[in-house]
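# Structure assessment
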Amino acid sequence: MTPSEIISTTAPNLAKRVYIKTYGCQMNVYDSARMAELVAPLGFIATGTPRDADLVILNTCHIREKAAEKVYSELGTIRRLKTAKAERGGRMIVAVAGCVAQAEGAEVMERAPCVDLVVGPQSYHRLPELITRVLRADGAGVLETSFPAEPKFDFLPEAAAPRGIAAFLTVQEGCDKFCSFCVVPYTRGAEYSRPVMQVVAEARRFVGGGAREITLLGQNVNAYHGEGPDGREWRLGELIRQLAELPGLDRIRYTTSHPRDVDDELVAAHRDVPQLMPFLHLPVQSGSDRILAAMNRRHTVTDYRRIVERLRSARPDLALSTDLIVGHPGESDEDFRASLDLVADVRFAQAFSFKYSPRPGTPAASAACQIADDVKSRRLAELQLLLSRQQRDFNEACIGRTLPVLLEKPGRHKGQLAGRSPYLQSVHITAPANRIGAIVPARITAATTNSLAGSLAEAAA
Ligand code: SF4
């Protein structure tokens, strides 16, 4: 019996619904879309609510403790819905995917017995077969968190569905860097890069489906080293140049990058490729060499400053974003001040800053010199004040300028559309709904810390 036959016997003649909830990063957003495509041939159509779903997939994030706890709290709600459905004679399969699944698979099943299936991020291409196993197991949970030898991308169906005007495309997964605080090398495994032509073919399909902007994704995207059509390993800069040849692809971005993997080819791509947007998320994590060493970041503050200089000489209008952690074990006041100094010098257009939170199994979690929570909170508040001032200054400096804005969706107010500037700022302008999908010149008239407002400057491109 095929998986679709087995599922059909559970609810004959009815369309089955899959509800997928995505937590965390854009890579999970991409994975969720692929999961929906994987289960579609089994007869599952997407639904926006778990209430009457036949299959619920929570695609989880493990980067912070709070993210994992949110999953357990959601599973409490799902358990009640599953019980109610069973009382009506139906069946709901509950699957936990993503990084919590990988890191805490057995614990998930123990803490939440309503879960039928736990599947790690490297195994979700096997979802149809695993769902079959769940149905055959009749009550016993199925746990699949191995790192299969075969790259999952070779087994996923073609991502043919349009992903909207701005699409995400995973080109690289996993990480070999082992930063002291990070679970990714344990949950996503070793670095893997998709072959160049596989990426190009997927990008072409996205553009054919209406995408004008593609963000290339990877846990460490600029460690990309995919097999090129000439048999050589291509780095990210070369891949970007190749993608820029695609007619109709107007904007290219990539995230998340590591300073150590910024090579000359990538810097040159920022200089030469107009489709590569002048915005880069380049996490630094700390402004202290002592803490960077403790974090096993494999770069110094001076390295970071030099990389920023090289990038800004190549692309003078490049706007930078970063990640910063305060209160990593051992961080002194002096180390923290060094982070403030670095931020003050580099000036970021955006940033994500967090209090260090220990992730089980990572080296920093068992370090002796943990920082008290009130100290972390104080440092974070001070850092965020500086960062949000910089973000507001950056946005306010756009007032009076005309920026090309890719209009993506209706805005919050009637008659308004929302889109993105080249610098990834959210921009709201008054424009007719039929301009969605266009890149229009927008005259910026107002700015807040988080967004810009403006008006259509002239006829749309
Ligand atoms: S480079 Fe990024 S993904 Fe890799 S271990 Fe460090 S923080 Fe995690």
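Structure: see above.
Rules used throughout
Residues numbered from 1 in each chain as written. Predicted model: local features only at pLDDT ≥ 70, side-chain atom pairs only at ≥ 80, totals over all residues. Heavy atoms only, no water. Near = heavy atom within 4 Å. Nonpolar A, V, L, I, M, F, W, Y, C, P; charged D, E, K, R; others polar. Helix = DSSP H or I, 4+ residues; strand = E, 2+ residues; numbered from the N terminus. Buried < 20%, exposed > 50% of the residue type's maximum accessible area, 1.4 Å probe, protein only. Contact = heavy atoms within 4.5 Å. Phe/Tyr/Trp six-rings, centres within 6.5 Å; stacked < 30°, edge-to-face > 60°. Lys NZ or Arg CZ within 6 Å of the ring centre and 35° of its normal. Core = buried A, V, L, I, M, F, W, Y, C linked by side-chain atoms within 4.5 Å. Pairing = 2+ DSSP bridges. Axes fitted to C-alpha atoms, helices over the stretch in contact; angles between N-to-C directions. Expected span 1.5 Å × (residues − 1).

## So, the site of the ligand
As a matter of local geometry, the ligand sits amid C175, K177, F178, C179, F181, C182, V184, P185, H258 and R297. In terms of residue class, the shell around the ligand is made up of seven nonpolar, one polar and two charged.

## Describing the side chain of T215
Tracing the sequence through the fold places T215 in strand β10 (residues 213-217). Classification of T215 as buried rests on a relative accessible area of 8%. Ignoring sequence-local partners within four residues, the contact set of T215 consists of A167, F168, L169, R253, Y254 and T255.

## Observations concerning the packing of aromatic side chains
Taken as a whole and assessed by the stated rule, the structure comprises two aromatic pairs. Centroid distance F178 to Y186: 5.5 Å. Interplanar angle 75°. Geometry classified as edge-to-face. When its relative accessible area of 37% is taken as the criterion, F178 is described as partly exposed. On the numbers, 5.7 Å between centres and 85° between planes, the contact of F394 with Y423 is edge-to-face. One end of the pair, F394, is in helix α13 (residues 373-396); the other, Y423, is in the loop between β18 (416-420) and β19 (426-430), and 29 residues separate them in sequence. According to the relative accessible area criterion, Y423 is buried, its value standing at 5%. The cationic tip of R111 hangs over the ring face of Y72; the distance from NZ or CZ to the ring centre is 3.6 Å.

## Brief notes about the environment of E331
Structurally, E331 can be placed in the loop between β15 (319-326) and α12 (333-346). Along the primary structure E331 and D250 are separated by 81 residues, whereas in three dimensions their C-alpha atoms are 43 Å apart. Those residues in contact with E331 that lie beyond four places of it in its chain are R290, I291, I325, V326, F336, I371 and R379.

## What about the nonpolar core?
Core analysis: the largest hydrophobic core is formed by 89 residues, its most contacted members being L216 and L243. If near-sequence neighbours (up to four positions away) are discounted, L243 is found in contact with V199, V200, A203, L216, L249 and I252.

## Observations regarding the sheet that holds strand β13 (residues 251-255)
Reading across from one edge, β7-β10-β13 is the order of the three strands in this open sheet, with parallel pairing throughout. Edge strands, defined here as strands with exactly one partner in the open sheet, are β7 (166-170) and β13. Between one strand axis and the next, the sheet turns through 25° on average, direction left out of account. Together, β7, β10 and β13 form the strand contacts of helix α2 (residues 26-39), whose direction differs from that of β7 by roughly 90°. The sheet contacts of helix α7 (residues 196-208) involve β7 and β10, and relative to β7 the element is tilted by about 160°.

## Here's the deal with the packing of helix α9 (residues 264-272) against helix α11 (residues 301-314)
The interhelical angle for the contact between α9 and α11, taken along N-to-C directions, is 35°, at an axis separation of 8 Å. Mapping the contact onto sequence places D264, V267, H270 and R271 in α9 and R310, L311 and A314 in α11. The class makeup of the residues in the contact of α9 with α11 is three nonpolar, one polar and three charged.

## Some words on the sheet that holds strand β1 (residues 16-22)
With respect to topology, six strands assemble into an open sheet ordered β2-β1-β3-β4-β5-β6, the strand pairing being parallel. Pairing within the sheet leaves two strands with one partner each, and these edge strands are β2 (44-46) and β6 (142-144). Averaged over all pairs of adjacent strands, the angle between strand axes in this sheet comes to 20°, irrespective of strand direction. Bridging between β1 and β2 involves three bridges; their strand directions are parallel. When the bridges of β2 are listed, K16 appears paired with F44. Along the sheet, helix α5 (residues 127-137) contacts β3 (55-60), β4 (93-97), β5 (117-119) and β6; its crossing angle with β5, the most-contacted strand, is approximately 155°.

## Focus: α13
Look at α13: 34 Å from first C-alpha to last across 24 residues, which is about the 34 Å you get at 1.5 Å a residue. If you check which residues of α13 are buried, you get V375, K376, R379, L380, L383, L386, L387, Q390, Q391 and N395. Residues of α13 that are buried in the fold lie against β15, α12, β16 (350-355), β20 (439-447) and β21 (451-456).

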